[in-house]
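# Observations on chain architecture
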Amino acid sequence: MNDFTFCNPTRVYFGHDGIARALDAEMPAMGDTVMIAYGGGSVMRTGTFDAVADRLRAAGKRVVAFGGIMPNPTYAKVQEGAELARREGVDFILALGGGSVVDCCKVVSAQARLDEDLWSLERDRGGSPTDLIPIGALVTVSGTGAEMNNGAVITHEDLQVKGPLWGAQPAFAVLDPDVMMTVPPAQVVSGAFDTLSHCMETYFGVPGEYNLSDSINEAIMRDVIRHLRTVASDPHDYEARSELAWASAMAENSILKIGKVTDFQCHMIEHQLGALTDCNHGQGLAAIHPALYRHLAPANPAKFARFAVEVMGVDPQGRDEQEVALAGVDALAALIAEVGLPTTLTEMGITDEAVLHQVADTSVLTAGCCKRLDPDEILAILHESL
Ligand code: NZQ
Ligand code: ZN
């Protein structure tokens, strides 16, 4: 096991009436002016925005609304939120939405109290913001696990880059599956696959030998696959949805990453695809993973074979390690098709050669990947994903 320091400071309120329980406990520490940030309007239609705003106002808070945060949130939207937070003297930010809203708020929190440009501070000069508006995450759609970490994925439109920025980690997070019941089935499945991808991309990092993090990870992957199958056939199954909601947080709250350098090569490729096509995150991952893993499995056959047997249920009898490893990738591809996720980029309307070349040329190559890819091999992977 590698050395590590671990702390996750986010308090989690899970289950029925989670938002009311959390607000009642957390409101005294929020200050007077609370910004509620949200996406394209689902929280207006479901009544969740009003329920949150009413509870805050009843406790004497002044509410500032910041809406219109889009899937794949842009850096321009971050600047809009930061400007609003500064102008209104916001003391606390409540992110009411999924990964896109939570990510945008993490960074708004930093930019609002920073005089210089956050992107250049972090990405050009390697600095970190120190003054942050505290935030809380009221999760309305699960999958990213963004609620228990301080990383955000933001699209800089001018630079045509979708990349990480670091901001505030939520002081608390609410995961109430009742609030998520209105999420469309396709997004439920996409979010669950995103969780599986986070697990896999952590599992296939280094070290690959037996370690506690990977053993916990296998249990979570088996659970996610089981419940992914359930929600694909019955999207309203509460038990499956609640298990997926907690698995989502577990995959990205750093517990599975303890002692590991993660891979996340599929995410790096998908993020660039998202920057150029605005595609759905979980769907983009589903279209790329099998082709990517057909390239990676021969470089790390023992770990891919273990994944095949322990997670995908492949019978190793009569096959050598390489065959078992590739059978696991085939089983993953079959699962993707079975649950109705896109199996090709073409199904997602992504066929433009110029886009594929740009993705291949600009995707970050990760330290934890078992094979050092180059742009030509990433292009080959994208072509095999078509
Ligand atoms: O915008 P509204 O109208 O709210 O609709 C949203 C959106 O269209 C809808 N939705 C959310 N809650 C709903 C609902 N519809 C009905 N009922 C509800 N209760 O769901 C759609 C998708 O929302 P979004 O937040 O975009 O999805 P997701 O949670 O998958 O977040 C995706 C973003 O997170 C980033 C992705 O790159 C992408 O930008 N990620 C963040 C990570 C992190 N910070 O740790 C890790 C991930 O790997 C990922 O990269
Ligand atoms: Zn993801």
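Further up the page is the structure itself.
Anyway, here's the lowdown on the structure attached to this text.

How each quantity is defined
- Per chain, the residues get numbers from 1 upward, laid out in the order the sequence is written.
- Labels follow written order: the first chain is A, the first ligand is 1, and so on.
- With pLDDT at 70 or above as the cut-off, local features in this predicted model cover only qualifying residues; side-chain atom pairs require 80 or more to be listed or tallied, and sums for whole chains, interfaces and linings still use all residues.
- Heavy atoms throughout the structure, all of them, feed into the side-chain values; hydrogens and water do not.
- It suffices for a single heavy atom of a residue to lie within 4 Å of a molecule or strand for the residue to be listed as near it.
- We call two N or O atoms a polar contact when they sit within 3.5 Å, provided that within protein one can donate a hydrogen and the other can accept it, with sequence-adjacent residues counted only if both atoms are side-chain atoms.
- Per-residue accessibility takes into account occlusion by the displayed protein chains alone, with areas from the Shrake-Rupley method and a 1.4 Å probe.
- Counting from the N terminus, the helices are the DSSP runs of H or I reaching at least four residues and the strands are the DSSP runs of E reaching at least two.
- For this classification, Asp, Glu, Lys and Arg are treated as charged, while Ala, Val, Leu, Ile, Met, Phe, Trp, Tyr, Cys and Pro are nonpolar and the rest, including Gly, are polar.
- Here the expected span of a helix is defined as 1.5 Å times the quantity of residues minus one.
- Each residue's exposure class comes from its accessible area (1.4 Å probe, protein chains only) as a fraction of the maximum for that residue type: buried when under 20%, exposed when over 50%, partly exposed otherwise.
- The contact criterion used is simple: two residues touch if any of their non-hydrogen atoms lie within 4.5 Å.
- Patches were defined on residues exceeding 30% relative accessible area and lacking a salt bridge, with like-charge contacts within 9 Å and nonpolar side-chain contacts (Val, Leu, Ile, Met, Phe, Trp, Tyr) within 5 Å.
- Within this document, salt bridges are pairs made up of a side-chain nitrogen of Lys or Arg and a carboxyl oxygen of Asp or Glu, the two lying within 4 Å of each other.
- Simply put, an axis is a line fit to the C-alpha atoms, just over the touching stretch for a helix, and the angle between two N-to-C directions goes from 0 to 180 degrees.
- In this scheme, roughly parallel covers angles under 35 degrees and roughly antiparallel covers those over 145, while 65 to 115 is roughly perpendicular and the rest are oblique.
- By convention the crossing between two helices is left-handed if the near helix lies anticlockwise of the far one by an angle smaller than a right angle, and right-handed if it lies clockwise.
- To pair, rings of Phe, Tyr and Trp, with the six-membered ring standing in for Trp, must have centres within 6.5 Å; the planes then decide the type, stacked if under 30 degrees apart, edge-to-face if over 60, and tilted in the middle.
- The criterion for a charge sitting over a ring is simple: Lys NZ or Arg CZ within 6 Å of the ring centre, and within 35 degrees of the ring normal.
- Buried residues of nine kinds, namely Ala, Val, Leu, Ile, Met, Phe, Trp, Tyr and Cys, make up a nonpolar core once their side-chain atoms join them within 4.5 Å.
- Distances decide who is a donor: an N, O or S atom must be within 2.8 Å of the metal, or within 3.2 Å for Na, K and Ca. Water is not included, so sites may look incomplete.

## Overview of the site of ligand 1
The local shell around ligand 1 holds 30 residues, among which Gly40, Ser42, Ser100, Asp103 and His198 are the closest. In the model, an oxygen atom of ligand 1 is placed 2.6 Å from a nitrogen or oxygen of the Ser100 side chain. With respect to ligand 1, the side chain of Asp103 contributes an N or O atom lying 2.7 Å from a nitrogen atom. Protein burial of ligand 1: of its 960 Å² of free accessible surface, 87% is covered by the chains. Elements supplying a minimum of two residues to the shell around ligand 1: α5 (99-111), β6 (151-156), α7 (185-203) and α10 (265-277). The biggest single contributor to the shell around ligand 1 is α5, with four residues. Taken together, the residues that form the shell around ligand 1 break down as eight nonpolar, 18 polar and four charged.

## As for helix α8 (residues 212-233)
For α8, spanning 22 residues, the distance from its first C-alpha to its last is 33 Å, which sits close to the expected 32 Å at 1.5 Å a residue. When α8 is considered as a whole, its buried residues turn out to be Ser213, Asp214, Asn217, Glu218, Ile220, Met221, Val224, Ile225, His227, Leu228 and Val231. Residues of α8 that are buried make contact with α7, α9 (238-251), α12 (301-310) and α13 (321-338). The N-cap residue of α8 is Asn211: its side-chain oxygen and the backbone nitrogen of Ser213 are 3.1 Å apart.

## Describing a nonpolar patch on the surface
Nonpolar side chains collect at one region of the surface, where Met1, Phe4, Phe6, Leu212 and Ile216 lie side by side and expose about 500 Å² of accessible area between them. Of note, Ile216 is situated in helix α8. Given a relative accessible area of 30%, Ile216 falls into the partly exposed group.

## Topic: the packing of α10 against helix α14 (residues 353-362)
For the pair α10 and α14, the least separation of the axes is 9 Å and the interaxial angle reads 135 degrees. Classified by the interaxial angle, the pair formed by α10 and α14 is oblique. Our pair here, α10 against α14, has a crossing hand that is right-handed. Each of Ile269, Gln272, Leu273, Leu276 and Thr277 in α10 lies in contact with α14, whose residues at this interface are Val355, Gln358, Val359 and Thr362.

## Points about the packing of aromatic side chains
Centre distance and the angle of the planes are the two values used to describe a pair of aromatic rings. Scanning the entire structure with this criterion turns up 11 aromatic pairs. Measuring from ring centre to ring centre gives 6.1 Å for Tyr13 and Phe172, while their planes differ by 90 degrees; the resulting arrangement is edge-to-face. Taken together, the residues Tyr13 in strand β1 (residues 11-14) and Phe172 in strand β8 (residues 172-175) connect sequence positions 159 residues apart. As far as the burial class goes, Tyr13 and Phe172 line up, both buried. Ring plane angle 65 degrees and centroid distance 5.3 Å describe the contact between Phe204 and Phe307, whose orientation is recorded as edge-to-face. A residue pair is termed long-range when its members are at least 10 positions apart, and Phe204 in the loop between α7 and α8 and Phe307 in helix α12 qualify at 103 residues. Judged on exposure class, the residue Phe204 and its partner Phe307 are both buried. Members of the aromatic cluster, each reached through a chain of ring pairs, are Tyr203, Phe204, Tyr293, Phe304 and Phe307. One residue, Lys303, lies across the ring of Tyr203, its end atom 4.2 Å from the ring centre. The side chain of Arg306 reaches across the aromatic face of Tyr210, ending 3.8 Å from its centre.

## Some points on the nonpolar core
General note: in soluble globular proteins, nonpolar side chains tend to be found buried as a group. In this structure, Phe193, Leu196, Met200, Leu292, Tyr293 and Leu345 are the most contacted members of the largest nonpolar core, which totals 104 residues. When neighbours within four sequence positions are excluded, Leu292 is seen to be in contact with Gln265, Cys266, Ile269, Leu373 and Ile381. Judged by nonpolar contacts, the second largest core, of 22 residues, contains Ala22, Ala53, Val174 and Val179.

## A look at the coordination of the zinc ion (ligand 2)
Distances from the zinc ion (ligand 2) to its protein donors, Asp194 (OD), His198 (NE2), His267 (NE2) and His281 (NE2), fall at 2.0 to 2.2 Å. Within one chain, the residues serving as donors to the zinc ion (ligand 2) are arranged as D-x3-H-x68-H-x13-H. Here the residue Asp194 occupies a position in helix α7, and His281 occupies one in helix α11 (residues 281-296), the gap between them amounting to 87 residues. Judged by relative accessible area, which is 3%, Asp194 ranks as buried.

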